[in-house]
Each structure stands twice: as structure tokens, then as C-alpha cells.
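# Inside the fold
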Amino acid sequence: MKNLAVSRRYAKALILIGQEDGQADGYNNELSAMVGLLDSQLGFEQALINPLIRKSDRKKLLEAVIAAAGFSKVMNSFLSLLFDKGRIGFLRDIATYYSTMADELKGVVRASVVAATNLSKTNITKIQKSLSQKTGKTVVLDVQKDSSLIGGIITKIGDLVLDGSVKTQLINMRETLKKGESV
């Protein structure tokens, strides 16, 4: 839990810098590129965080990668700061929080829709338009299928969950019947 709070704090600091200098999207792209490097280069992340390797050697590796990637001065300083503070291992979480904050700046909100069956493009568009009207923001949907829902959909936007699944309705009905109340 502490790691997430630390990651959020670093992401917020970087987004404030991005707002100030108008480079919020650029920093988002650079963070994504760095996470992509961590994901694609096996052993790279371990080499950066392994305490058995001298810190100066790990720092040189990071600086060489940053130079080769051509990151901005701010991103160079940010990644160096993360390394110096022993927080480079939090980069994925920081990038996730940063991406969410950058989307909020642009008026974009991410929502997930879990449906019992595959949704048609028409239905997805209708759901997206409806959510956009309700939130007043552009909605980007992540659509997934979960046949255990039996029918209906579950929509999540941030902390708000709209559960219209048959599975949940059946569970609620069972609980009501257990209590002896009328349906």
C-alpha cells in the first residue's frame, strides 16, 4: 500500500511539471517508452534494482539507456531521481498513475465494461455515448467478456460500479428470499 502512495506522489509531481511546461503528453509517452523497455529487455529491470551490482554501475546503465532513448531533460532528471531515491522499481505504477492523471487533464476517463456475451460495435458505441453524456468527458472503454455473469453488463468508472448483471440480480433475489421478504 505504501508503494502505491509513493508511486502516486511521484506521478503527481511529474504531472504538475507537465502542466506547468505544457509537456504532460510528452512525459506520458516517455514514461510509456521506458516501461516498454523494462518489459521488452529481459534482465534490464533486475540490473537496475539488484543490490548485488554496484550502484554506480547501475546508474551508468540507466544513464546510457536514457541517452540512447533521447528522453527530455525533465524525464532524464526524473528517472535519475527515481534511481537515486531507490524508487526505480516503482516505475510501472508511476507510469500507470501518470497516464490516468494525463487523461484527466485531457478530459478523458477510462471505463471498463464486462459483459456476459460479446457486445456488438453498435452496443459499445451506445454505452460509450451514454457514459460520455453522464460524465461530461470523453470515455475510453475496455470491453471484456465474462460468461459467468449469465446476462447483462457491469460497468466501472473509477470508483463507480454499475452492476446490471443477471448473476447479481439472482444473488440479490436469493438473499431476499432467505430473509423471508417478498420479492
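Small disclaimer: the values here were computed from a predicted structure and weren't measured. (Residues numbered from 1 in each chain as written. Predicted model: local features only at pLDDT ≥ 70, side-chain atom pairs only at ≥ 80, totals over all residues. Heavy atoms only, no water.)

### Comments concerning the nonpolar core
For clarity, the threshold we go by: We define the nonpolar core as a collection of buried residues of types Ala, Val, Leu, Ile, Met, Phe, Trp, Tyr and Cys that are connected through side-chain atoms lying within 4.5 Å of one another. Burial classes: relative accessible area under 20% of the type maximum marks a residue as buried, over 50% as exposed, and values in between as partly exposed (1.4 Å probe, protein chains only). Here a strand is any run of E in DSSP of at least two residues, a helix any run of H or I of at least four, and the numbering for each starts at the N terminus. Here, residues are in contact when the closest pair of their heavy atoms is within 4.5 Å.
One finds Leu31, Met75, Phe78, Leu79, Leu82, Leu91 and Tyr98 to be the most contacted residues of the largest nonpolar core, which totals 30 residues. Put simply, the parts of the chain that give this core at least two residues each are α1 (2–21), α2 (24–40), α3 (44–49), α4 (55–69), α5 (73–84) and α6 (91–105). Ignoring sequence-local partners within four residues, the contact set of Met75 consists of Leu14, Tyr27, Glu30 and Leu31.

### Things to note about the packing of α1 against α5
Stated formally: Here an axis means a line fitted to C-alpha atoms, over the contact stretch when the element is a helix, while the angle between two N-to-C directions is reported on a 0 to 180 degree scale. Working rule for angles: under 35 degrees goes down as roughly parallel, over 145 as roughly antiparallel, 65 to 115 as roughly perpendicular, anything else as oblique. The hand of a helix crossing depends on one turn: near helix anticlockwise from the far one by less than a right angle means left-handed, and clockwise means right-handed. Residues are sorted three ways: Asp, Glu, Lys and Arg are charged, Ala, Val, Leu, Ile, Met, Phe, Trp, Tyr, Cys and Pro are nonpolar, and all the rest, Gly among them, are polar.
Close contact between α1 and α5 brings their axes to 12 Å; oriented N to C, the two are set at 165°. The angle between the axes of α1 and α5 places the two elements in the roughly antiparallel class. Of the two possible hands of crossing, α1 and α5 adopt the one that is right-handed. The residues of α5 that touch α1, namely those facing Tyr10, Leu14, Ile17 and Asp21, are Val74, Met75, Phe78, Leu81 and Leu82. Looking at side-chain class alone, the contact of α1 with α5 contains eight nonpolar, no polar and one charged residues.

### What to know about the pattern of salt bridges
The condition is simple: A carboxyl oxygen of Asp or Glu within 4 Å of a side-chain nitrogen of Lys or Arg is what we treat as a salt bridge.
One pass over the full model with this rule turns up eight salt bridges. Salt bridges here are not isolated pairs; linked through shared partners, they connect Asp25, Asp103, Lys106 and Arg110.

### What to know about α6
Here is the rule we go by: What a helix should span is 1.5 Å times the count of its residues minus one.
Compared with an ideal rise of 1.5 Å per residue, which puts 15 residues at 21 Å, α6 spans 21 Å between its outermost C-alpha atoms and is within 8% of the ideal. Of the residues making up α6, those classed as buried are Leu91, Ile94, Ala95, Tyr98, Ser99, Met101, Ala102 and Asp103. Structurally, α6 contributes buried residues whose contacts are with α1, α2, α5 and β1 (108–115). Where α6 ends, the next residue or the one after it, Gly107, has phi of about 80°, a positive value.

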